[in-house]
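# Remarks on the overall topology
Now for the letters of each chain:
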Amino acid sequence: MPEYTLIYFNFKGRAEIIRWIFEYGDIPYTDERIAWEDWPEKKKDTMGGKLPVLMVDDVALTQSLAIARYVAKQAGLVPEDDLQAAYCDALADTVNDVVEEWIKLITSGKTEEDKMEEFNEVLYPKFLEPLMTRLDNRLQEREWFISDKVTWGDLLITTVMGLVRETSASVLDNFPALLAHVHKVEDLPKIKDWIEKRPETNF
Ligand SMILES: N[C@@H](CCC(=O)N[C@@H](CS)C(=O)NCC(=O)O)C(=O)O
């Protein structure tokens, strides 16, 4: 097995899904967290100048979703059926569209109060609520989101909903099937262990 080093900042952000996949698959990896103040220097030597980067031995792989998909294959979390695997990719891109909007808001430099107002008035009604409604509707009829067993799509939904819960604790209560799904994934033994032992970070 190659030696894996996942390089990111000390927050969940775009790397948490990759960490969950490594943990779920019990795949050894180094979780390297760069301090924000060290980043300008490290950025110069980082392929593409952005994180996360996954070092696979001495090969650098960029783009969080490509990395997640690659590790998910090693962890047995990509459906064998090609159409289901594509459905998983489509879910990831759909969720990512919303995450992009969210990151724009988080890094906007606005005050916490203005960010919360924009979350409630724009991000939630325009982007999150439609997504959460779609997820909730589908999960009312299914045990797992894509196939008849857990996939990286289920883990991704749960990591993003964890961020929703941290931003606005009660929002998920409006989507009971989605909330139950989040609890089910968080209770998977390897995921539960990781949530207990991971570093405390804000987002
Ligand atoms: N599409 C890329 C986006 C990567 C990205 O924007 N990373 C941010 C952190 S979430 C970053 O490296 N910011 C620091 C910088 O741009 O200098 C991915 O999904 O990996």
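Here the structure is shown first, and the text comes after it.
Procedures and definitions
- Residues numbered from 1 in each chain as written.
- Predicted model: local features only at pLDDT ≥ 70, side-chain atom pairs only at ≥ 80, totals over all residues.
- Heavy atoms only, no water.
- Buried < 20%, exposed > 50% of the residue type's maximum accessible area, 1.4 Å probe, protein only.
- Helix = DSSP H or I, 4+ residues; strand = E, 2+ residues; numbered from the N terminus.
- Pairing = 2+ DSSP bridges.
- Phe/Tyr/Trp six-rings, centres within 6.5 Å; stacked < 30°, edge-to-face > 60°.
- Lys NZ or Arg CZ within 6 Å of the ring centre and 35° of its normal.

Another aspect to go through is the pairing of strand β1 (residues 4-9). When you tally the buried positions in β1, you get 6 out of 6 residues, the bulk of the element. Where β1 meets strand β3 (residues 53-56), 4 bridges bridge the pair, whose relative direction is antiparallel. Following the sheet pairing, T5 is matched in β3 by M55. As defined by bridge partners, β1 adjoins strand β2 (residues 30-34) across 5 bridges and the pair is classed as parallel.

Our next topic: the packing of aromatic side chains. Applying the stated criterion across every chain yields a total of 12 aromatic pairs. Arranged with centres 6.2 Å apart and planes meeting at 75 degrees, the rings of Y4 and Y70 form a pair that is edge-to-face. A residue pair is termed long-range when its members are at least 10 positions apart, and Y4 in strand β1 and Y70 in helix α3 (residues 64-74) qualify at 66 residues. On the basis of relative accessibility, which here comes to 3%, the residue Y4 falls in the buried class. Taking relative accessible area as the criterion, Y70 reaches 26% and is therefore assigned partly exposed. Measuring from ring centre to ring centre gives 4.9 Å for F11 and F203, while their planes differ by 35 degrees; the resulting arrangement is tilted. One end of the pair, F11, is in the loop between β1 and α1 (16-24); the other, F203, is in the segment after α8 (189-197), and 192 residues separate them in sequence. By relative accessible area, F203 is classed as partly exposed at 35%. Pairwise contacts between aromatic rings join Y8, F9, F11, W36, W39 and F203 into one cluster. The ring of W144 carries the charged tip of K184 above its face, separated from the ring centre by 4.2 Å.

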